[in-house]
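The residues making up each chain are set out below.
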Amino acid sequence: MKTIEQHLSNYKSVHLNTNNIITHFIGIPTIIWSIMVWLSFFRFSLGAGYEISAAMILAIVVMAYYFYLNVKLAIGMLVLFGPLLWLANSISVINESGWVALVVFVIGWILQFLGHKFEGMKPAFIDDLSQLFIGPLFLVAEIYFSVGWLKELNQEVVEQAIEKRMKLDALKVQG
């Protein structure tokens, strides 16, 4: 299994352009919210008046993986993306919320691909589907790094990402 450094450096290697990163700070949360709305349509009774949605189940599984990778980043995920789950579950009971989620989903992906147009590189998930789950964690890592937290991790990620990017650029020139 890949380490947090490997995941983040793979992701960072095609996310070095500031405009690309900015589009991801909007696109990734909107995509996540949309998926959570759709998954919130599927609810399961736990008895005694309690229920859980498929979105909650997926969030628990993904958060367990994030905690396995890095506890500090996982805590940031809870703080930043927990409200998206709450909002998605709350909105999912409103008529037409699925259509709203579809529009938001499409806008989110347009922003993602626009960002990669700025970058001049294909999205990370094209070569590694696990990168779809790393995108949100990357955003939290970028926030942490920007305020000076996890400096050693940041240094490792950036060094590895630049090395990987140089190899990717060399392949583009050859191809």
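Structure's up top.
Throughout this document, residue positions are counted from 1 along each chain, in the order its sequence is written. Where totals are concerned, whole chains, interfaces and linings use all residues; where local detail is concerned, this predicted model gives features only for residues with pLDDT of at least 70, and gives and counts side-chain atom pairs only at 80 or more. For the side-chain quantities, the full set of heavy atoms in the structure was used; hydrogens and water were omitted.

For this particular structure, what's the right way to read the side chain of S9?
With respect to the secondary-structure elements, S9 resides in helix α1 (residues 4-12). Polar contact is the term for a pair of N or O atoms within 3.5 Å; when the atoms are in protein, one must be able to donate a hydrogen and the other to accept it, and sequence-neighboring residues count only if both atoms are side-chain atoms. Polar side-chain contacts of S9 include one of 3.2 Å to the backbone oxygen of Q6. In this structure the side chain of S9 is engaged in a polar contact, spanning 3.3 Å, whose partner is the side chain of K164. We call two residues contacting when some pair of their heavy atoms lies within 4.5 Å. Apart from residues lying up to four places away in sequence, S9 is in contact with V157, Q160, A161 and K164. Runs of H or I in DSSP of at least four residues are treated as helices and runs of E of at least two as strands, each being numbered from the N terminus.

What's the story with helix α5 (residues 97-119) in this structure? I'm lost.
Residues that lie three or four places apart on an α-helix share one face, since the helix turns once every 3.6 residues. Multiplying 1.5 Å by the residue count of a helix minus one yields the expected span of that helix. With 23 residues, α5 should reach 33 Å at 1.5 Å per residue; the first-to-last C-alpha distance of 33 Å fits that figure. Taken together, the buried positions of α5 are occupied by S97, G98, A101, G108, L111, Q112, G115, H116 and E119. Looking at the buried positions of α5, the neighbouring elements they touch are α2 (18-40), α4 (71-91) and α7 (151-174). Downstream of α5 by one or two residues, G120 has phi in the positive range, about 80 degrees. Three labels apply to residues, based on accessible area from a 1.4 Å probe with only protein chains included: buried if under 20% of the type maximum, exposed if over 50%, partly exposed otherwise in between.

What is the right way to look at the packing of α2 against α5 in this model?
Relative placement of two packed helices is described by the angle separating their axes and the distance separating the axes. The axes are straight lines fitted to the C-alpha atoms, using for helices just the contacting stretch, and the angles between their N-to-C directions are given from 0 to 180°. For the pair α2 and α5, interaxial distance at closest approach is 8 Å and the crossing angle is 155 degrees. Taken together, the axes of α2 and α5 are roughly antiparallel relative to one another. In this structure, the crossing between α2 and α5 has a hand that is left-handed. Any residue that is not Ala, Val, Leu, Ile, Met, Phe, Trp, Tyr, Cys, Pro, Asp, Glu, Lys or Arg is counted as polar, Gly included; the first ten are nonpolar and the last four charged. Taken together, the residues of the contact of α2 with α5 break down into 15 nonpolar, 13 polar and 1 charged. Any angle that falls under 35 degrees is termed roughly parallel, while one over 145 is termed roughly antiparallel, one within 65 to 115 roughly perpendicular, and all others oblique. Crossings are classed by handedness, with left-handed meaning an anticlockwise turn of the near helix from the far one by less than a right angle and right-handed meaning a clockwise turn.

How should I be thinking about the nonpolar core in this particular structure?
Within soluble globular proteins, side chains that are nonpolar tend to cluster in buried spots. Working definition of a nonpolar core: buried Ala, Val, Leu, Ile, Met, Phe, Trp, Tyr and Cys residues. They are joined through side-chain atoms within 4.5 Å. Core analysis: the biggest nonpolar cluster contains 37 residues, and L8, L73 and L153 have the highest contact counts within it. Where this core is concerned, the elements lending two or more residues are α1, α2, α3 (54-69), α4, α6 (131-146) and α7. Counting residues per element, this core draws most heavily on α6, which supplies 8 residues. With residues up to four places along the chain from it excluded, the contact list for L8 reads L73, I134, L137, F138, A141, L153 and V157.

I keep staring at the environment of M1 and nothing clicks. Help me out?
Tracing the backbone shows M1 in the segment before α1. With 53 residues separating them in the primary sequence, M1 and A54 have C-alpha atoms 26 Å apart. With sequence-adjacent residues up to four places away left out, M1 is seen in contact with Q6, Y65 and Y68.

How do you make sense of the pattern of salt bridges when you look at a structure like this?
It is possible for side chains of opposite charge to pair when their charged atoms get near one another. Salt bridges are defined by distance alone: a side-chain nitrogen of Lys or Arg within 4 Å of a carboxyl oxygen of Asp or Glu. Under the definition given, this model contains 7 salt bridges. With its nearest N and O atoms 3.1 Å apart, the salt bridge here joins D127 to K122. Overall, K122 belongs to the partly exposed group, its relative accessible area being 45%. Residues joined by salt bridges that share partners form a network here, namely E119, R165 and D169.

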